[in-house]
Amino acid sequence: MRERFRAGDPAALGEAYDEHARALFRYAYRMCGDRASAEDVVSATFLEAWRCRGKVRAEGGSLRPWLFGIATNVLRGAAREARRRDAALARMPDRGVLPDFSDAVDSRLADEERLRAARVALGRLRRREREVFGLVVWAGLDYATAGEALGVPVGTVRSRLSRARERLRALAEAELRAGRRRAGSGAGVGAVAGGPSLSVSDGRTVLVPRTSPEKPV
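Let me sum up the structure you'll find in this document. In this text the structure is predicted, and so the values were computed from the model without any measurement.

Structural notes on the overall build of the protein chain
At step 1: The helix and strand inventory of the protein chain stands at eight helices and zero strands.
At step 2: Each helix (α) and strand (β) of the protein chain, taken in turn from the N terminus, gives the series α-α-α-α-α-α-α-α.
At step 3: A separation threshold of at least 6 residues defines the contact pool for the protein chain, and within that pool the share at least 24 residues apart is 71%.
At step 4: In the structure as shown, the protein chain presents an accessible area of about 12100 Å², 50% of it carried by carbon and sulfur atoms.

Listed below in C-alpha cells is the structure:
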C-alpha cells in the first residue's frame, strides 16, 4: 500500500480513503463539533496526503498514523483561521438579536451541548495535551500510533494524556453547568436519559454521543 500510494496509484488513494476516512471524520467532528467542518478536514487531509505522497516512507505498516498527523495539522490551521474570523466579527457592529430557537431544543441538542462543553474544556488544555487526548481518546489510536502521528515518543504521549485527564472532567462539567445557566430555564437544555456522558475515569471515553457521525460521502 505505501509503495503504491507513494508511486501515485489512484487505486491506493481510494483504498486509503475507504479504510481511514470514517475514523478521520469522527476525530475531526469531535474536535471541531461541526459536521461540515469535519468533512472539510477529511477532504483537506487526503488532498494534502496526495500532494505530499512522495514523503511517505516505502516501508512500514498502515498509513493511519501519517494521515492522523496531517489531520491534526489541518485542524490547527482551521483553529487559527477561526480565531482570526472571530476577532474580525467581534470588531463588527451588532446587527440585532439572534432568533430564539428554544422551541426546537430536544435530545439531539442536549447531545450537542455536551459535545460543545467537552470541546470548550479541550480548548482550555494546552495544545499538545489536547491533540494527544483527541487522538487517543476520541480517535481511538493506541499510544504508539498517536506518538507516530505527532512525532513524539510513547512516553510523551502517556505523560501528556495523564495531565489532560486530570483537568478535563472538571473543566467539562463546569462548562456544561455554565452553559445551562447561560441558556436559562427557557432553553431547557438539561440531562436526558440515555444521553451521552462525560467520563475520563476509564481513560478511553470522554463523550459517548447518542448517535455517531455518518461516514462522509
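A few points about the pattern of salt bridges
At step 1: Tallied over the full model, the rule gives seven salt bridges.
At step 2: Close ionic contact of R126 with E129 constitutes a salt bridge, the shortest N to O distance being 3.4 Å.
At step 3: Note that E131 is salt-bridged to R127, the shortest N-O span being 3.2 Å. Of this pair, E131 and R127 both sit in helix α6 (residues 127-138), separated by four residues, roughly a single helical turn.

Side note on the nonpolar core
At step 1: Membership of the largest hydrophobic core comes to 46 residues, with the highest contact counts inside it found for Y27, F68 and L135.
At step 2: When contributions to this core are tallied by element, the ones reaching two or more residues are α2 (10-32), α3 (35-51), α4 (64-90), α5 (107-123), α6, α7 (143-150) and α8 (154-183).
At step 3: A total of ten residues in this core trace back to one element, the largest contributor, which is α2.
At step 4: Those residues in contact with L135 that sit more than four places away from it in its chain are Y27, F68, T72, G140, L141, A146, A149 and L150.

Focus on α7
At step 1: Along α7, the residues classified as buried are T145, A146, G147, A149 and L150.
At step 2: Capping the start of α7 is the job of one residue whose side-chain oxygen sits 3.3 Å from the backbone nitrogen of A144: D142.
At step 3: Looking one or two residues beyond α7, the residue adopting positive phi is G151, at roughly 75 degrees.

The rules behind the values
Residues numbered from 1 in each chain as written. Predicted model: local features only at pLDDT ≥ 70, side-chain atom pairs only at ≥ 80, totals over all residues. Heavy atoms only, no water. Helix = DSSP H or I, 4+ residues; strand = E, 2+ residues; numbered from the N terminus. Contact = heavy atoms within 4.5 Å. Areas by Shrake-Rupley, 256 points an atom, 1.4 Å probe, with all protein chains shown as cover. Salt bridge = Lys/Arg side-chain N within 4 Å of Asp/Glu carboxyl O. Core = buried A, V, L, I, M, F, W, Y, C linked by side-chain atoms within 4.5 Å. Buried < 20%, exposed > 50% of the residue type's maximum accessible area, 1.4 Å probe, protein only. Polar contact = N/O pair within 3.5 Å; in protein donor to acceptor, adjacent residues only side chain to side chain.

Spatial relationships are all this shows, so hold off on functional conclusions.
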